[in-house]
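# Close look at the chain arrangement
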Amino acid sequence: MSGTTDRVAVTLDDWPDDADSDEGVVINWFAREGASIDEGASLCEVQVDKVSVDVIAPTNGTLAEIVCGEDDEFAVGDTLAWIAP
């Protein structure tokens, strides 16, 4: 997809302090590609160790691309999705 410099990466910024692992799995997406997103909205639920955490939208925009789908594993710092302005 072109124009990636205009997009904002969605990552898990608040990694659970008590997590023994640096990997997680996406449990459920609350929004779908193309959906209008408000800053602060819960985008998806992920599991790190045995803790479920909501991933929050860092900005307003459109959910342009989901990089990690449901049941996909990811590591600390990985991009889960992209939001376009």
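In short, a report on the structure. Just so we're clear, the structure is a prediction, and the values are computed from it rather than from any experiment.

### Focus: the side chain of arginine 7
- Within the secondary structure, arginine 7 is located in the segment before β1 (8-10).
- Look at arginine 7 and you get buried, because its relative accessible area is 11%.
- Side chain to side chain, arginine 7 and glutamate 65 meet in a polar contact 3.0 Å long.

### A few points about the nonpolar core
- Of all hydrophobic cores here, the largest spans 21 residues; its most connected members are Leu12, Trp29, Leu43, Val46, Leu63, Phe74 and Leu80.
- Those elements that provide at least two residues to this core are β2 (23-29), β4 (42-48), β5 (51-56), β6 (61-66) and β8 (81-84).
- The element contributing the most residues to this core is β4, with four residues.
- Not counting chain neighbours up to four residues away, the residues in contact with tryptophan 29 comprise Leu43, Cys44, Leu63, Ile66, Cys68, Gly69, Glu70, Leu80 and Ala81.

### Focus on a negative patch on the surface
- A contiguous patch of negative charge, built from Asp13, Asp14, Asp17, Asp18, Asp20 and Asp49, is present on the exposed surface.
- Here aspartate 14 is to be found in the loop between β1 and β2.

### Quick look at the pattern of salt bridges
- The final tally for this structure, using the stated rule, is two salt bridges.
- Between arginine 32 and glutamate 70 there is a salt bridge; the shortest N-O distance is 3.8 Å. Of the two residues, arginine 32 sits in the loop between β2 and β3 (36-37) while glutamate 70 sits in the loop between β6 and β7 (73-75), which places them 38 residues apart along the sequence.

Calculation criteria
Residues numbered from 1 in each chain as written. Predicted model: local features only at pLDDT ≥ 70, side-chain atom pairs only at ≥ 80, totals over all residues. Heavy atoms only, no water. Helix = DSSP H or I, 4+ residues; strand = E, 2+ residues; numbered from the N terminus. Buried < 20%, exposed > 50% of the residue type's maximum accessible area, 1.4 Å probe, protein only. Polar contact = N/O pair within 3.5 Å; in protein donor to acceptor, adjacent residues only side chain to side chain. Core = buried A, V, L, I, M, F, W, Y, C linked by side-chain atoms within 4.5 Å. Contact = heavy atoms within 4.5 Å. Patch = residues over 30% accessible without salt bridge, like charges linked within 9 Å, V, L, I, M, F, W, Y side chains within 5 Å. Areas by Shrake-Rupley, 256 points an atom, 1.4 Å probe, with all protein chains shown as cover. Salt bridge = Lys/Arg side-chain N within 4 Å of Asp/Glu carboxyl O. Lys, Arg positive; Asp, Glu negative; His and termini not counted. Charge placed at Lys NZ, Arg CZ, Asp CG, Glu CD.

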